[in-house]
Amino acid sequence: TINIKQVDEIKISKYILKYTFEDWNNIIDSDVVIVGAGPSGMTAAYFLAKEGLKTVVFERRLSFGGGIGGGAMNFHKIVIESPADEVLKELNIKLQKAEEGIYIVDSAEFMAKLGASAIDAGAKIIHGINVDDVIFREDPLRVAGVAVEWTSTQMSGLHVDPLFISAKAVVDATGHDAEILSVASRKIPELGISIPGEKSAYSEIAEELVVNNAGKVAPGLYTTGMAVCEIKALPRMGPIFGAMVLSGKKVAEDIINDLHN
Ligand code: 48F
């Protein structure tokens, strides 16, 4: 027989509330808020947390990985090109070499190990939270945090006011819709953000363009991953994810540089 510690319902609830609010009180003033736990957001979280920055990722779904899980038309393989393979090797993610500089990764392994690496590095990933707005400040004009709401509340259609999380840097890693850049562009026109929208597929050129255009959009506001295409009118590229990983790394490096200077 196995003797299992007996725990009543009240104790279960009490401990969940106690430790949840401990975490929320801690993340309420973060160094970096990343919106979206897709490949670019989780890579950024890994490198930022590794640097010791207090990093929280808000993800509206109850899982992480974003577009990784669906692979290519639900086929479970994704293409990674050099030099992104170096990041995946650092995270102990297995790669099959298809040819020089081109590697194949299993989508489940990619999302599980990327998420685990970000968490192990010290990032907090909080699921079921929708970010629907930012906080801004004047003198100097900047983005200073985000407004958060339960995804379930948002889906219910009830009007419930959000809570606010402050951050020195907010990263839009929401993918194709660039939701945070869109709301900032609409509600804070002084930031001068315009959203021309992404272009149709042109994989050969899209990858490098995404990486090189990832970074700061306005003071306190950064972008990575497919959201970069939306704001810079860049082509999409489909199930090749090197640029997602490398743009996540690039935005992390830019933020580390900005926050340390
Ligand atoms: O879409 P997603 O995977 O973004 P990404 O990191 O990677 C794109 C690729 O997956 C793929 C591609 C590569 O060629 O085209 O599509 O740019 O992950 C974005 C995550 O953000 C969440 C969403 O649920 C997804 O997991 N998300 C989007 N908007 C919000 C959000 C929001 N307002 N609040 C919280 N989470």
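(A) Structural view of the site of the ligand. For the ligand, the set of nearby residues contains 27 residues, the closest of which are Ser40, Glu59, Gly67, Met226 and Gly238. The backbone of Val131 places a nitrogen or oxygen atom 2.8 Å from a nitrogen atom of the ligand. When the free accessible area of the ligand is taken as 730 Å², the share hidden by the protein chains comes to 93%. At the level of secondary structure, the elements contributing two or more residues to the shell around the ligand comprise helix H2 (39-50), strand S2 (55-59) and strand S7 (129-137). It is S7 that provides the largest number of residues to the shell around the ligand, a total of three residues. Looking at the shell around the ligand, its residues break down into twelve nonpolar, eleven polar and four charged.

(B) Focus on the packing of aromatic side chains. Scanning the entire structure with this criterion turns up five aromatic pairs. Judged by centre distance (6.2 Å) and plane angle (45°), the rings of Tyr15 and Tyr19 are tilted. Residue Tyr15 and its partner Tyr19 are located together in helix H1 (residues 9-27), separated by four residues, close to a single helical turn. Residue Tyr15 is classed as partly exposed on the basis of its relative accessible area, which comes to 45%. Each member of the aromatic cluster is reached from another via a ring pair, and the members are Trp24, Phe58 and Trp150.

(C) Representation of helix H9 (residues 242-260) within the structure. The first and last C-alpha atoms of H9 sit 27 Å apart over 19 residues, in line with the 27 Å expected at 1.5 Å per residue. Along H9, the residues that are buried comprise Gly242, Ala243, Met244, Val245, Leu246, Ser247, Gly248, Val251, Ala252, Ile255 and Ile256.

Parameters at a glance
- Residues numbered from 1 in each chain as written.
- Predicted model: local features only at pLDDT ≥ 70, side-chain atom pairs only at ≥ 80, totals over all residues.
- Heavy atoms only, no water.
- Near = heavy atom within 4 Å.
- Polar contact = N/O pair within 3.5 Å; in protein donor to acceptor, adjacent residues only side chain to side chain.
- Areas by Shrake-Rupley, 256 points an atom, 1.4 Å probe, with all protein chains shown as cover.
- Helix = DSSP H or I, 4+ residues; strand = E, 2+ residues; numbered from the N terminus.
- Nonpolar A, V, L, I, M, F, W, Y, C, P; charged D, E, K, R; others polar.
- Phe/Tyr/Trp six-rings, centres within 6.5 Å; stacked < 30°, edge-to-face > 60°.
- Buried < 20%, exposed > 50% of the residue type's maximum accessible area, 1.4 Å probe, protein only.
- Expected span 1.5 Å × (residues − 1).

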